[in-house]
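Read off the chains here:
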Amino acid sequence: MADRYWVGGSASWDATAGTKWSLTSGGAGGSAVPTSSDDVYIDSGSGAVTVTVAASSVCLSLKFVSGAGSFAGTFAGSSAISMSGSFVASASMTWTYSGTLTAAATTAQTITSNGKALDCPITFNGVAGSWALQDALTTGSSRTVTLTNGSLNLNGFNLTAGAFSSSNTNVRSITSGAGQFYCTFAASSGTSSPFNADVTTNLTFADRPTINVTGNGSGTAIRRISLVVGQTEALAPDVNVTAGTDTVGAAVTSNMPMRNLNFTGFSGVLTGTIRVVYGNLTLSPTMTAAATVNTTYFSATSGTQTITSNGVALDFPIIVSAVGATVQLADALTLGSTRTFTLSNGSLDLNGFNLTAGAFSSSNANVRSITSGAGQFYLTGTSGSVWNTGTITNLTLVDRPIVNVTGSPSSGTRAIGTGSHAESVAPNVNITGGTDTLTMSVAFGAVNFTGFAGVLGNATRTIYGNLTLSATMTATAGTLTTTFAATSGTQVLTSNGVTLAFPIAVNAVGGTVQLADALTMAAGRLLSVGAGTFDANNKNVTCGSYGTGLGAFTRVTSMGTGTWTILDAGATAWSTPAAASHTVTPSTSTILMTAATAKTFAGGGRTFWNLSNGGAGALSITGANTFNDLQNTVTPATFTLPASTTTTVSALSLAGTAGNLVTLDSSSSGTPATLSKASGGVDVSFLSIKDSAATGGATWNAPLSAGNIDGSGNVGWNFFPKTAQGQNSFTPVLLLG
């Protein structure tokens, strides 16, 4: 091992020794050409000369500064140099050397540039070797720094190069400290790799590197950033892309990990690759993102990750898998209409901003939470499940989400599945477009179909807010029930003329369900009140059947002034059984029962306004009810009153026609049913009356001359015949005192 000092003037460093090399600074030449065991000094004693590397050369250390002083000449050439020691440049020298400078040490060495840009490729390739920067290291923008073997320690200083590469299976490590990588290569065409750690076997990041991609690429150029696949959260690099109008992407398509990814200053295109982001994502408002099926994952395990889109639409799927962490929007986020935003683990905070995607999904048993603030979800997908929180185990809705389903497909099926959320947080859903079929389950706040012209599929639903249908939509027939279940306030049902061909249940403990317009349900569908108030609000109601049950919950039927049309036959067509917890407020409503076969009005002994038989089937009444009037709109018709029970009326407007009589009888032949009116008179025509006890102070006239028939078992009715002169006849009775 010896020192070699350049004393050869302006000449070539090659295999010819001549008088180029000395054992001392400025000494006599004639020493041998340096070997890999010799330290080389090109210093002030060398003079202001040009040293040109003209053949592949070796040395131990290569230093342009010695105790005698610094080199002020030019270092040139293009042949390779391999050094097995340290390197020191001179601040006062000129560097035009463009060959590859290889650091091949197998022990610990240092690199000192003294502020001099080294415009050449640099390769670190020494098995078990290590190199620590002593100051910032800069190469040319077309040059690559390569770590092939050993350890590179930035030691808190920046490394600037056109590109950095470490892509092989050798044992390697990188330590940054506070130092950062600056990758400056820029082109207008072709493909380059500013940072390449594509093959990552045996590559270790000792700490988190920061990679700044600063080249101002343009045109059709593509820059690819390849990072350690599967790198841990603690060591995943920070990446900043600060310039360019070209395309930036990755050379791999599987799990490229980063912590923070920042595009501030970039105006090009982000290509699609699978990315794992452990920190923040910040986009530039002047960039675009290419469409891709590859997913970007947000996967921090603590703290808050922020997504700042700056108005850039991201046409790729996003999955939040942030166990123990929160992903928070810094502004509105928009995904493509075929892309799904998935919350798999952790917390999503809209932070008051809107999230737009083809679909949203969070349906598993992982610990998850969603916070909306004033932000809303906009779902633009045109098929499949556009909102899926069907499995709500360990899912917390911190506040009530507003879900706007805005896609407008002309056919197919979309599904909204919310799961059984509590009343206070069940999502509000607005469906604003489409002529397709939409299925919705399970729990909702308010639901609004304004703008929808498709078909609502039958499903089990619980609604805690208002329901507003679109006049241009339809509802599929089915037996699954929609339940209104608010526990306070008033839920408004606006049907806009749509026939609801499914059962409706009012189970609003402490709440009210109120009609905004006429409600029409299909035959065979039950409108039931199990708790709370059903307020017809003076609107017409049409349903298969109506029932209130015998539950202990307080129930109110507020009937208003409209007509309640009951379509079904059978014993439960109208069922409001006696219960102290149920109140009927009849107002001036009419109940019109239209089934063509036998049907029953089970009033439970309450007061109603008008009851009318509008169907050919017999109408049986049970309970000691009070009516304003009993009516019929068809003939023939039958009214069967409860035997041994009093039915009270203010009027009796039953009337048949010749050959089409109205039958008034008792539920038990031979046992009268009592019909009571307090005062005035009743005059009927074309009635067939049997087992009827008329009482209460009124006069009950059913003259045979008016087409009435006394069918026997009647009490209190006047069936006087007509005389030949056309006057009613009666037999005077002399009462003697």
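Because the structure is predicted, anything quoted here is derived from the model rather than measured.

About the thresholds
- Residues numbered from 1 in each chain as written.
- Predicted model: local features only at pLDDT ≥ 70, side-chain atom pairs only at ≥ 80, totals over all residues.
- Heavy atoms only, no water.
- pLDDT = per-residue confidence, 0-100.
- Contact = heavy atoms within 4.5 Å.
- Pairing = 2+ DSSP bridges.
- Helix = DSSP H or I, 4+ residues; strand = E, 2+ residues; numbered from the N terminus.
- Buried < 20%, exposed > 50% of the residue type's maximum accessible area, 1.4 Å probe, protein only.
- Disulfide = S-S within 2.5 Å.
- Phe/Tyr/Trp six-rings, centres within 6.5 Å; stacked < 30°, edge-to-face > 60°.
- Lys NZ or Arg CZ within 6 Å of the ring centre and 35° of its normal.

K.L.:
What exactly am I supposed to notice about the confidence of the model for the chain here?
P.N.:
Detailed reading of the predicted coordinates is not advisable wherever pLDDT is low. Considering every residue of the chain, the mean pLDDT works out to 95; 97% of them sit at 70 or more. Under a pLDDT of 50 for its full length, residues 723–737 has, in the predicted model, ten contacts with residues more than four places off or in other chains.

K.L.:
Would you explain the sheet that holds strand E5 (residues 50–53) in this entry?
P.N.:
The strand order E2-E5-E10-E13 describes an open sheet built from four strands, whose pairing is parallel. Bordering the open sheet on either side are strand E2 (11–13) and strand E13 (94–95), each of which pairs with just one other strand. Relative to E13, strand E10 (residues 74–77) runs parallel, the two sharing two bridges. By the bridge assignment, Phe-75 is partnered in E13 with Trp-95.

K.L.:
What should I look at first to understand the pairing of strand E76 (residues 662–666) in this one?
P.N.:
Along any regular strand, the residues point their side chains to alternate faces of the sheet. Every second residue of E76 is oriented toward a common face, the buried set being Val-662, Leu-664 and Ser-666 and the non-buried set Thr-663 and Asp-665. In the sheet, E76 pairs with strand E79 (residues 687–689) via three bridges, with the strands oriented parallel. Along E79, the bridge assignment pairs Thr-663 with Ser-688.

K.L.:
Before we go on, may I ask you to explain the sheet that holds strand E81 (residues 699–701) in this structure?
P.N.:
The strands making up a sheet are joined through hydrogen bonds of the backbone, oriented either antiparallel or parallel. Judged by pairing direction, the sheet is parallel, and its three strands sit side by side in the order E78-E81-E83 without closing on themselves. At either margin of the open sheet sits one strand with a lone partner, and together these are strand E78 (681–683) and strand E83 (717–718).

K.L.:
Would you explain the state of the cysteines in this entry?
P.N.:
Among covalent bonds in proteins, the disulfide is the one between the sulfur atoms of two cysteines. A full pass over the atoms with the stated rule returns zero disulfides. We note that Cys-183 lacks a disulfide partner, and the nearest cysteine sulfur, in Cys-120, lies 16 Å from it.

K.L.:
What exactly am I supposed to notice about the packing of aromatic side chains here?
P.N.:
Centre-to-centre distance and the angle between the planes together describe a pair of aromatic rings. Taken as a whole and judged by the stated rule, the model has 32 aromatic pairs. Aromatic pair Phe-75 and Tyr-97: ring centres 5.3 Å apart, planes at 45°, arrangement tilted. Linking Phe-75 in strand E10 with Tyr-97 in the loop between E13 and strand E14 (101–103), this pair joins segments that are 22 residues apart in sequence. Overall, Phe-75 belongs to the buried group, its relative accessible area being 0%. Through successive ring pairs, a cluster of aromatic residues spans Phe-534, Tyr-546, Trp-564, Trp-574, Phe-601, Phe-608 and Phe-627. Positioned above the aromatic ring of Phe-316, the side-chain terminus of Arg-275 is 5.0 Å from the ring centre. Above the plane of the ring of Phe-502 lies Arg-461, whose end atom (NZ or CZ) is 5.2 Å from the centre.

K.L.:
Would you mind going over unusual backbone geometry with me for this structure?
P.N.:
Glycine aside, residues mostly have negative phi angles, and peptide bonds mostly take the trans form. With an omega dihedral of 15°, the bond running from Ser-441 to Val-442 counts as a cis peptide bond. Looking along the chain, the bond that leaves Thr-635 and enters Pro-636 is cis, with omega of -5°. Looking at the secondary structure, you find Pro-636 in the loop between strand E73 (626–632) and strand E74 (637–641). Positioned with a positive phi, Phe-686 is a non-glycine residue whose angle comes to about 55°.

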